Structure formats: structure tokens, C-alpha cells
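The lines below spell out each chain.
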Amino acid sequence: MNAPTRMMRADESATKHTKTPMTMIQALRSAMDVMLERDDNVVIFGEDVGYFGGVFRCTEGLQAKHGKSRVFDAPISEGGIVGVAVGMGAYGLRPVVEIQFADYSYPAFDQIASEAARLRYRSACDFTAPLTIRMPCGGGIYGGQTHSQSPEALFTHVCGLRTVMPSNPYDAKGLLIAAIECDDPVIFLEPKRLYNGPFDGHHDQPVVPWTKHPLGAVPEGYYTVPLESAAVFRPGKDLTVLAYGTMVFVAEAAARETGIDAEIIDLRSIWPLDLDTIVASVKKTGRCVVVHEATRTSGFGAELVALVQEHCFYHLEAPIERVTGWDTPYPHAQEWAYFAGPKRVGAALKRVMEA
Amino acid sequence: MNAPTRMMRADESATKHTKTPMTMIQALRSAMDVMLERDDNVVIFGEDVGYFGGVFRCTEGLQAKHGKSRVFDAPISEGGIVGVAVGMGAYGLRPVVEIQFADYSYPAFDQIASEAARLRYRSACDFTAPLTIRMPCGGGIYGGQTHSQSPEALFTHVCGLRTVMPSNPYDAKGLLIAAIECDDPVIFLEPKRLYNGPFDGHHDQPVVPWTKHPLGAVPEGYYTVPLESAAVFRPGKDLTVLAYGTMVFVAEAAARETGIDAEIIDLRSIWPLDLDTIVASVKKTGRCVVVHEATRTSGFGAELVALVQEHCFYHLEAPIERVTGWDTPYPHAQEWAYFAGPKRVGAALKRVMEA
Amino acid sequence: MNQHPPLHLHVPEPTGRPGHDTDFSYLHLSRAGEVRRPPVDALPSDTSDLAYTLVRVLDDEGCAIGPWAPDITPDLLRFGLRAMMKTRIFDARMVIAQRQKKMSFYMQSLGEEAIGTAHALALSEGDMCFPTYRQQSLLMAREVPLVDLICQLFSNEHDPLKGRQLPVMYSVRKAGFFSISGNLATQFIQAVGWGMASAIKGDTKIASAWIGDGATAESDFHTALTFAHVYRAPVILNVVNNQWAISTFQTIAGGESTTFAARGVGCGIASLRVDGNDFLAVYAASQWAIERARSNLGPTLIEWLTYRAGPHSTSDDPSKYRPADDWSHFPLGDPLARLKQHLIGIGVWSEQEHQETHDALEAEVIAAQKEAERYGTLSDGRIPSASAMFEDVYKEMPAHLRRQRQELGV
Amino acid sequence: MNQHPPLHLHVPEPTGRPGHDTDFSYLHLSRAGEVRRPPVDALPSDTSDLAYTLVRVLDDEGCAIGPWAPDITPDLLRFGLRAMMKTRIFDARMVIAQRQKKMSFYMQSLGEEAIGTAHALALSEGDMCFPTYRQQSLLMAREVPLVDLICQLFSNEHDPLKGRQLPVMYSVRKAGFFSISGNLATQFIQAVGWGMASAIKGDTKIASAWIGDGATAESDFHTALTFAHVYRAPVILNVVNNQWAISTFQTIAGGESTTFAARGVGCGIASLRVDGNDFLAVYAASQWAIERARSNLGPTLIEWLTYRAGPHSTSDDPSKYRPADDWSHFPLGDPLARLKQHLIGIGVWSEQEHQETHDALEAEVIAAQKEAERYGTLSDGRIPSASAMFEDVYKEMPAHLRRQRQELGV
Ligand SMILES: Cc1ncc(C[n+]2csc(CCOP(=O)(O)OP(=O)(O)O)c2C)c(N)n1
Ligand SMILES: Cc1ncc(C[n+]2csc(CCOP(=O)(O)OP(=O)(O)O)c2C)c(N)n1
Ligand SMILES: [Mg+2]
Ligand SMILES: [Mg+2]
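These remarks concern the structure in this document. Predicted, not measured: the structure shown is a model, and the values here were computed from it.

## As for the coordination of the magnesium ion (ligand 4)
Residues and elements named next belong to chain D.
So, point 1. For the magnesium ion (ligand 4), every protein donor is listed as Asp213 (OD), Asn242 (OD1) and Trp244 (O), and the spread of their distances is 2.0 to 2.1 Å.
So, point 2. Mapped onto the sequence, the donors of the magnesium ion (ligand 4) take the spacing D-x28-N-x1-W. With Asp213 in the loop between strand 2 (207–212) and helix 6 (219–230) and Asn242 in the loop between strand 3 (235–241) and strand 4 (244–245), this residue pair connects regions lying 29 residues apart in the sequence. Accessibility classification places Asp213 together with Asn242 in one group, the buried group.

## Here's the deal with the pattern of salt bridges
So, point 1. Taken as a whole, this structure holds 94 salt bridges over all chains when the rule is applied.
So, point 2. Note that A:Arg296 and D:Glu407 form a salt bridge whose closest N and O atoms lie 3.2 Å from each other. Here A:Arg296, found in the loop between strand 13 (288–295) and helix 11 (300–312), pairs with D:Glu407, found in helix 12 (residues 399–408), and the two come from separate chains.
So, point 3. Note on A:Arg296: relative accessible area 10%, which makes it buried.
So, point 4. For D:Glu407, a relative accessible area of 41% puts it in the partly exposed group.
So, point 5. Residues B:Arg57 and B:Glu60 are paired through a salt bridge, measuring 3.8 Å at the closest nitrogen-oxygen approach.
So, point 6. Shared partners join several salt bridges into a network, and the residues in it are A:Asp39, A:Arg94, A:Asp183 and C:Lys395.

## Things to note about the relation of the copies chain C and chain D
So, point 1. You can overlay chain C on chain D at an RMSD of 0.0 Å; the transform is a turn of 180° with a shift of 0.0 Å along its axis. Such a combination of rotation and displacement between the chain copies is what one expects of a two-fold axis.
So, point 2. A share of 100% of interface residues in chain C that are also interface residues in chain D marks the association as one of identical surfaces.

## Some remarks on the site of ligand 1
So, point 1. In the region of ligand 1, 20 residues are neighbours, and B:Glu78, C:Tyr133, C:Arg134, C:Asp213 and C:Trp244 sit closest.
So, point 2. Those chains with residues close to ligand 1 are chains B and C.
So, point 3. In this structure, a nitrogen atom belonging to ligand 1 sits 2.9 Å away from a main-chain N or O atom of C:Gly182.
So, point 4. Note that an oxygen atom of ligand 1 is positioned 3.4 Å from one of the side-chain N or O atoms of C:His312.

Definitions and cut-offs
Residues numbered from 1 in each chain as written. Chains lettered and ligands numbered in written order. Predicted model: local features only at pLDDT ≥ 70, side-chain atom pairs only at ≥ 80, totals over all residues. Heavy atoms only, no water. Donors = N, O, S within 2.8 Å, 3.2 Å for Na, K, Ca; no water. Helix = DSSP H or I, 4+ residues; strand = E, 2+ residues; numbered from the N terminus. Buried < 20%, exposed > 50% of the residue type's maximum accessible area, 1.4 Å probe, protein only. Salt bridge = Lys/Arg side-chain N within 4 Å of Asp/Glu carboxyl O. Least-squares fit on C-alpha atoms with pLDDT ≥ 70 in both. Contact = heavy atoms within 4.5 Å. Near = heavy atom within 4 Å. Polar contact = N/O pair within 3.5 Å; in protein donor to acceptor, adjacent residues only side chain to side chain.

None of the figures reported here should be taken as evidence of function without further support.
Below, the structure is given as C-alpha cells:
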């Protein structure tokens, strides 16, 4: 019960490459490297991503290896970056752009929601926008309100977009390759607190590196983790936890610490969603807790609650609880009072078990 | 049971002014006129709102009456309009700005979400942004995908904002005055299909004008409809319908046509919300249907479902249903297949009664 | 501070309003032939004067004069005139069809036909335009079948866009015409991205971006200039300054005491200000910019001076905010009449040919409309199926949309 | 098309990188005293040349020369030097405190101290600055208590911003210093709105907006220029061109073969390009722009040429992307050394006074830091209460936040 027990799906374990220990940053870089190599139409740009390799170093070395017209720095204009990517997509390229922090996606919101998401539909497939928009998200690094947000819910309300968030290096690489190959625009959210290790919310404890975690073993070559497929991160029978990103590890810690045999589902693809896996689990356990870092109101947790009660109403034995960030801006000093850590998640697990 | 039976709240009926029949456009204009008169700090601007009086004519005559430095035209830049309004708010004015269509709020999303919504918090009240951002929303006018959207859910996910949507001239004026007087930034969504009459979704029937509806009788002077207060639009005992804007009338038609004695709650303030009125109703009826025009996934209906199941779980006798726009862009020709009209709402009422 | 009088807000006004005529001297016109033509490899900073003067070729008598007078065959001139006429006839017919409720909405381009027409003729096959809703002349010059366009306008069963888009929001990739967005200005930066993509791939195709004077205030205008300059993108940045943005005069977009072309120079982009009602000037300036772009010399911004002669759209009544007869006083005249005068002047056209062409085009438009009507109109209900509404949101339809389609029962 | 070689993408590079020195000739400097000073009521279009040259007052010997040499008292000069020194000492101390984990993050302004200092001295009480994170010199010139600033940096129990904001994101309304946003550029258009409000109310106060070279690519830069021009807002639009935006050179923001000042002229805004390391030039240019704004003559854009001598922030290592000793070759030198040289040259300052002042300021900063530490630091846990986290989201706390606060049990 202590070690992560995520079940591998057939499609994932099929890969035969040798595995190397990688951080999430290395895994993401490897995904981009593989795709730059495989597909001439892949280009990568964003603020500081060229010569320097990005403020989180995800693109380090890629310009030197693949050249300045495949990997380059962009002006500080998120709207411009996405707008340019839409035009490149219409030409036939597959741009992979970085928004330096998810908090800075708002200046690009119009190009994302009105353009990238709608181009295929409005032109009846005359033009498409197969872009991947990478953005580090989430808190836990004392980044304050503009370096900590988790805006996934906004993107899930925009039809035409796919929204993805990996929780570990293996998935990060496989999902990023799948996103780049996908013909739809994909919002690819990277929980920055997981870049270097499987952070479980115990901020007062030393950082565990990915090398110590089985999901830090990553094939060097090409493989994909399919979109729209959730992973049962930890099987269990008492209740179902729906989570993604950092919260997968927080939920795991909460289950371990409360002794509640929670089935933790890592959504991986936030929208469109693997509803079948969710419904099967909740029908089995009869109880459900939804966990995310983002503020609560109209967060993606609301949609999950709505879906679960629509599809599992007669199986539910207790109200579904949401454990989330508070409905305040992400504060700087009070970070750990804001963050839904294992204690708060654990308390919710207990309440739902006792309800 | 046929006539609208909305119960007036004490605070509303207190107003002693003579009432005049007004369309929603006239009521909104009257609210702005009253506030320009009462408060020197109120200024109004936006695209085409000055000399011409706005593409929906909501500000017609106001420039001529109050002068060019109180009511004026703005460049076509929604981000600029809101950004300027934030700065004016910091100075001490109370700007009321118009975004020509809610679909065009996206270029202003950063100024709304990162700035207007956060200024009070991040500066610990050193500066505030008491603005009102008016925007026509919703479909039903063959406007296609960029003149029909209902983006309220996005704003409700941004803490610090208030989001309001009136369903009739009386509320429109009272809520707009309350919004202008409110020290928080308010997103004021105007269901454009209700501008001229209480449209109930029967698009093939002649338009009923507001003069024929009791809620079209509007006091000429100053009054407010308080924020955070819902109205029981139609009392009933079979089930609870949560709706706002145009959907209030659609729900009323559905109740009438199915003979189901639905209690229809008009949220009026979408967020922050009058949760007490909702919970009291659902605890009474044990059944709930949520209706909105916006696309379903991560729409505000999801939050309503989540809140109702959190607060009324043990009273619910059937799954809560959502009747909403489909998860597609708002189409042009297929408008009435997209729009959740009385037939679709009625079918949901029946399903929930039979569940 | 006390010595300073109180500040006051300046709110620009047009020089004319209903009830008093416009003083058009604010336009600062140059005489035909007067403005220099720099070499195509001029530095952007060396085009500064050209952003404040006005490139014109046709004089009042219809003669082509000066360094910008292009080398252009009579065939091409006649083809251009015909495309302009077709645009105007098409617009007029569609405005009527809209009044007859055959479509929900229409936007005409009356008075601006020269710009798209001559520009399209200067471009090459494969180049991509990123238009606004007022560049139908690009489609006419590229001879897109009228029936296809009308089916889009009527949202009928043959609408290539499956009923999804507002009338005029065409998408015609094969004619180099990008999908029109309802959100202003978004296409401007996308065009830059398309041009950058062409450069990344070592292609020879260029992009041509379109925007109105009013929409230049949107941020995508600025980002387009920035990115085009930084990466020296092969793109032409066209600003159609037709003096109005719905009810607001071009000074509300920032045209007072400066020009839209001047924005380009400031950003390090070669810039021209051109008589948009002068077919020959449009052709020549377009050629110059196209040659720059295709030779890797970077972007050019062109401000086309013209006048929106009709209402903004079928929902608008301009006599509420400007003199009703304003166009008749506009000093750059009617582009169609001016080209016709030139062709007759150089002896390659006649009044009779003009009338015959007009009648033939009118018949062609009527016939196309008739054919389109056979496939339905918005009001007669023969529209694309409701199930098409669920398609193309994603490449493959995800489960939730399949469920929703089922829910609707289509 | 076949005659055209393939296109290729231009990606600008700095002239220096780690391992080879920068060629600073790209800066196009003017000599001190060389550039003309137009009257304050000059038309924006008449400032075009000033957007490409460089206003400088101090020559290499530290003498103030030419038409821009301001009339400024020795007292004010000494006050300015002192404020610059205080800024630099404060920055250096706070960088150390950050390394000691007393705060999570810091951003210094090394090399840019003259700009905010001289500008603040030229402004009047009541004027409002809308700064970025690198204008701490504005606060020093306005003598904001250091303890308040350090409490913000330490996120401690006395933090005026209640622990909510990242260090350096100050808000000091009473000192005319607007709340700093983490989202770049947003303040630029807000400043225009503030200035417009002042004009609407018939006030005499003006706004001063700040932005970095990199952030000019954001849309709020463009909207600020547009709105400021349209409404002739009483605002100064300051672009601090310190050559770098984190790891990207100013050409990635569009500085290649043009200037940031030139953007202003294109938009119809009076524009200057000024030596930002020359205290006297900064003071003089600020005065000129302030006088314009306060006389209802409209906005001025000023590009301040300077160099970001330190890392972008405490999270950055610039030797990865530029020569480590780049600043020492920067031709505009060190603003502090240059003002000191001038003051000594005109006989109102001495090495000894300088050393004494330095020591006194250092003692002042150390004392302030000690006092602030008494109220806690981020690492020792004496931070504002968690319940403060729920306040001020709205003016009155709505029910859902009261419930959430209860849920947390604070
Ligand atoms: C983002 C956005 N804001 C506002 C509108 C509404 N709108 C449509 S056209 C128009 C005027 C545009 O004027 P201009 O750019 O000058 O083009 P013209 O109509 O003159 O060709 C406006 C305000 C819109 N479509 N998109
Ligand atoms: C909207 C937004 N995008 C990106 C960032 C990340 N970021 C912070 S500072 C910075 C560089 C800014 O450079 P510049 O404007 O030149 O200012 P300087 O740091 O040189 O003073 C970047 C990219 C941000 N804070 N906000
Ligand atoms: Mg126009
Ligand atoms: Mg910089």
C-alpha cells in the first residue's frame, strides 16, 4: 500500500525502449526532441525558450541541436505567440509553444478560445490549428498569485480545446507526444511543483527526486500515452478520488495517512475525459472526493461532481466533496494555508467515509 | 399559474416612484441616466456608445445630455477599454463600460481577471476597481458564434468578480444601479434576446413586448435590486428549476406546457450567489433542473449541480439534470437546434419527475 | 502646480455630422504622380515620408502618371474592372436578398472594390490572404464560383461551411482566402504566423493580412507588427482606412494628426500610404510590397485610403452619425468610375462594352442566386442538418458530443 | 515565383554572447549636448528626429552641456545622488537577505537608478506612477520608510500587503506608487485611464506609466499608446530599455533597426530617446514631458536607454546568455558614478562626503532591516494570518468565503 501502485495500461507497457531515469523537465524535453526529429513541421517557440532554453529549462539544448528556425525566442506577447501559432497551423506546421506561466495565458485567451479552438469548426475543416500550448501551472513554489494559478477549468469550458495535465515524467512525455501529434489544439498544463519530484504536499519534508519513483523511468525514444485515457493511479475499494497533476500524490499521501483504501484516478486528460473509468470506479465504491489546486467555484471539480452525480446518482452513498484551493487569489506567504495538502484531503476522505 | 407570479421582495417593493412601461434597453438606459445624474464619478464609454448611443442603443441620448467627457466613444480595443477603466477606478471614478458583445470580452480577459478582480486584494485596499462591465450576451438573434455566447462561467471562476444577469426590465435597472454603486468589479450580462420582450424560446411565435408584462413596469427614478439575492420567479412544489436570463422565461413556458408545478428561481446574481434561496427550494421539492444557454461542460450549471448536491444530498430524489447549450460553437443556421428551448427543458422536467 | 489650468478630456470628432458637411482637408492628399517610388530594397526607416504622403497614379483626367504608374496589360486592366463591377453588382443584389430575408445579414464593400481586386491580381497563386468581412473583391478577382458564396450567405444545404457561420464569413482555402473570424483583428497576427511558416519551410509563398482602421486599435494589430518586424516575415499588412468603424470616425481609432501607415515605420516596417480608390496605385503598391516580401526583405504596411460608401452592415443606418451624402464629396471619388475613365481614356474600353459587361455580370449573379436558392435559404428552412452542428468541433467526435447528439436525437 | 530563392526566417541575435564581447555600436548614440530641445508645445510629428537620436546632458568629463541642461539646485542634485545611492545599497542588502532565505525572491535595479530617481524629483506630489518591479528608485526618491518596504519583502506580520504579494510587488498609494502587477504591461494602459480620469475631473494631476523593453510587445503597450493619443491623456509613457528581458535581447522585442521611442511618433505621440544613465538628461526630459502633460498638450513617450547590470531576478544567471562583464563595456556607464563625477566637478560634493553618505545610508538600511526582522520573515513563520487570506477579495466578505474560512478553521 505504500509504493505507488498505478496500473499500467496495455498501450503504455507495449513500449520496448530502454528506460532512463528522468525528471519531468527532462521527459518533456525528450518528447520535444523526439518530435523535432520525427516531424519537420514541428516548431517550438516562446519567451526565453530559444538560446536560453526556457526559465524552467524545458527546451535547453534544443535550439543548438535543431536550429534557430525550429526553436526560437519570441517577443513577450502571449497573444502574439498563440496567434502566430494559429497561422502556422493553418499553413501546415505543428507549433509547440510555451506560455511562461499558465497565469499569463489570459492575454492569449481570445486567440485560444475564439481562434485556435474554433478554426476547424468555423471553416468546416478548410483550416485547422494543430497546436500544443505548454504552460507550467500550479503552486507550491512561493510564486504568489501570478505564478501559481491552475486555470484548467477555463479551457475545459471552451469547446474545441483539449486540456491535458500529466502527473509524472512517464506520462508527461507520452502525453506531450500525443498532444503534438493530435490534430486538435491541446492545452498542455505542467504542474511545476512536480518538475523535480513527486511532491505530495508535505512541504516541510525533503524533496523526493523522480529517480526514486518508478514513474520517473522513461523510455528514450518515441511512445505515446493516449489522450482521453485516465489512469487508475492507486486501486482501492473504499471511495474514489478524482485528481490530476500534483493532487494525485497529495491524494495518495492522504490515503496512506488515513488508512482509507481510496481508489485514486489520475485523469491525465482533463477534457475530453475518460468518463468510463470514473463511472466504473464510483459505481464500485459509492463514494467520491474531487481534488484540485484551482479555486473552487466553477473549477473543473464542479464539472466532475456534476458528471458523477448524473451518471452514478443511484450508487452514491454520500455527498461528493470537493477539496480545492480557496476562492481567493493564490497568496504568497500563506501558501500552505491555501494549498489543499494531505491533511485537508485526508479530512475530506474521512468525512465522506463517515457520511 | 399562467401569469408570471414572481414574488417581489420587500426591498424591491419599497420603491414609491411612478412606474413607466420600459423595454430592457430603456430600463438600462434609465439606470445609467440616473447614475450619471447622481454621481459625478460615473463615466460611460465603449465602442459606438457615445455620439451614436451603442449598437443596441442602450446609451442613446446620454452623451447629448451629460456631455462628452462623461459619455464617449472608445477605440475598438476591449482590453484597452477595461484597462483604462481600471485606472479610472484607481483614481476614484466609477466607470461603466460596454463590451459590444460578450463574445468580445476575451481580448479583455487579462485586464478583467488579473487586474480588475485582483486589485483590491493585492494592494490590501490601497487601490480598488469599482467598475461595471456591461455586455450583451446569449443567442436567439441569428448572430452566429461570435454574437451569441454566454461566457458567465468563466467570470464566476475568477474570484473578486461579481457576475450578474437580469431577466427583465425591472431587475435590469435595479441591478445595474446596484452594480454601479458596488465597490467590487461587476460583470453585467444582458441577455440580448430579452431586450425587447420576454422571449420564452418559441421563436416561431410573435414577439411579446415588455409593455404586456408586469416586469416591464419600471420606476423612473432611483432604486436598487440588491446583489446576491435571487428571486423566486414562479413558486412551485414539484421540482426546482435554477435559471437566469432568457432561460427563466423558457423554463416558465416549459412548466406551463408540461403542467409540472416547477419552482423557478431566477438567480439574478450568478456569483456570489443567493445559495439560501436555492437550498430552501430544493430541500422542499427534492428535485432540481439547472438550465442555461451556455455550453454545458464547465458551465455555471456544473457549479450549481455541485452546490445543490453538497447542500441537499439527502433531500434529492432524482439526479439533477442540466439543460444547456451543446458543447459546440453557437451555430448560425442551426440556432434553434442549439438553443435549449421549452421542448428540451420540458422533457427534462418530465424525466426528473419520473426518475 | 497651481499655475496650471484644469485638465480636460479631448474627445475627437469628425469634421462632418448629420446636418453639416464634412471638411475633407483632414485627409492630407498628395497629387497624382507626386510621391517618389523607392527601390524595393529600401530600408524601413527610409520610407518614413511615404507614410505621410499619398501614393496616387490616376489624375483627375484618368491619366496614369508618375513613378508608381505600373506596367499593366489592357487585358489585366479589363479583368480588374470586370472583377470590381462584379463585386459591386454582387453586393447590391445580396443587400436586396437580405431585405427579402433570404439571409440573416450582409456586409457590402461599396466604394472599396479597387483594393482587394488589384491586390489579388498582384499576388501569386498559393499566396494566402487573411481578410476581414469587407474583402469580397479578393474572391471576385480569384473567380470563386458565385453559387458557393451565395450558398454560404443563404446558410443552405450546399453551404460549404455547413450553416455554422454568419453570412460573409467565408473560408476558401483553395482561393487563398483564410476563414473570416467574427472577432476583429485576430487574422492579422495569424497572417504573420503563416508567413513565418512559409519562411521556416523555405517556401516562396507570402501572406497578406487585412484589417480596418477601427480594428487597428485591437492588440492583434500591434502583435502582428511586432512579430512581422522581429522575424522579417514575408507578409503584407493592409490597413483599409475607410474613415469609419460602424459609427466611429477614424480619429477614435487614433487617426488624428497622424496616419495608420506611420505605425509601421515606428515599428521598423516599410510603410506606404496609398490611394485605395486608384486601381493602378493599388496594383503598383501591392507589387512593390509583394516583391519585398518574396525577396526576404520583410513586411510592408500599407494604409489604403478609401471610404465606406454604404452602411456598416445591413443592421446599420449611417445617416444617424454622418452626412447622408458624404461619399459623393469624398475627394478620392469612386474607384470603379475612375478605372473606367482610365480605360476609356487609353482606348481599351467603351461605354458600350461597359454596359454589356454590366448586364452580363448582372445576369451571372442572378443566375447564381437562382441556383443557390434551389438549395434553400435560411428562411425556407432548407438548412444544413442539425447533426452537422456536432461535427468538426474536434477531428474525431469525442464521447460527450456523441452523447449530446443522441440527446438531441439527430 | 520560380525566380525567387526560398524564404528563410530571420531570428535576431545580440551582438555579444558568453564567450564573445558585445559590439555596442548598435545603440546609435548621440554626443552630449548635440540634440535639440523643441518647445514643450511642439507637435508630436515634429519630434520624429528625437525618437532616433539620444538626449544627453553629461559629457565624458561630467560637464552638463547643451540645450537640455536643466536648471537644478545643488541641493536637489545631492538629494538625487543620495536617493540613487540608497537604492543601490538597499538592493545589494536585499539580494543578500534573499540568499539568507529571509524572503522568497528579489529583483534589483542595479544600473537603472537614475531614471526613477530623477523622474520622481521632476514630478509633483499627487501625480501617480504606474511602475514595474524595477522602479524602486521612485520609492527612494519619495522617501518611503524602508521598514515598510522590507516588511513587504519579508512577508512578515507588518507587511502592508498582508503577505499576499511576491516580494517587490509594492503598493504605496500615498507615495504615488501604484500596486505592481505580476502580469507584465497591464499598468501601462491603467496609467492612461488614471490620467484620463484626472482630465475628466478637471484635476491637475498627471500619471506616469512604466514598462520594460521586453514588455512593450504586450498588447497593453499598444492600447496605452492608442488611448493616450486619442484622448490626449496627461500621461508620460516611460519605456526603460535596459537591453534585456530575462534572457532575450531587445531585438526580440522589436528593437532591431528602430527604436522604442519611434513607436510613439507613429501613433501621433511626442517622443524622446534619452540617456537613462544621465541623471540630468532624465530630469530635463521628464520636466519637458511633465510640462506638456500638465498643460493639456497630451502624452509623451520616452525611451530611456540603460542597461540591466544585474541578473533579471534572484532566480536568474545572466552569464548563461550574455558576456558576464557586459555592463563594464556599456558605453553609457554607471549613472551613479556619472552624477557623482558631475557634483564633484561643479564643486558641490566630495569623495569624503560620498563615503560618509554611503556609510550613513548603509547604516540606515541595516537598521531598517533589523527592525523589520523583529516583525518576522517568511522563513521564520511570523507571517500574516491565514484569515487575512480571505479578506479583501470583495469589499464585504460574501457567504461562500466565510464558509471557506470556517472550513480552514481560521
Ligand atoms: C473583438 C471585436 N470587437 C468588436 C466587434 C464589433 N465590430 C464589428 S465590425 C466593427 C467596426 C470595425 O471597423 P473597421 O475595423 O474600421 O472595419 P470596417 O467595418 O470599416 O471595414 C466592430 C466594432 C468585433 N466584431 N470584434
Ligand atoms: C504577461 C506576462 N508574461 C510573461 C511574464 C514573465 N516575465 C517576467 S519579467 C519578464 C521580462 C520583462 O523584461 P522587460 O520588460 O524588458 O523588463 P526588465 O526585466 O528588463 O526590467 C518576463 C518575460 C510576466 N510576468 N507577465
Ligand atoms: Mg473602417
Ligand atoms: Mg528589459
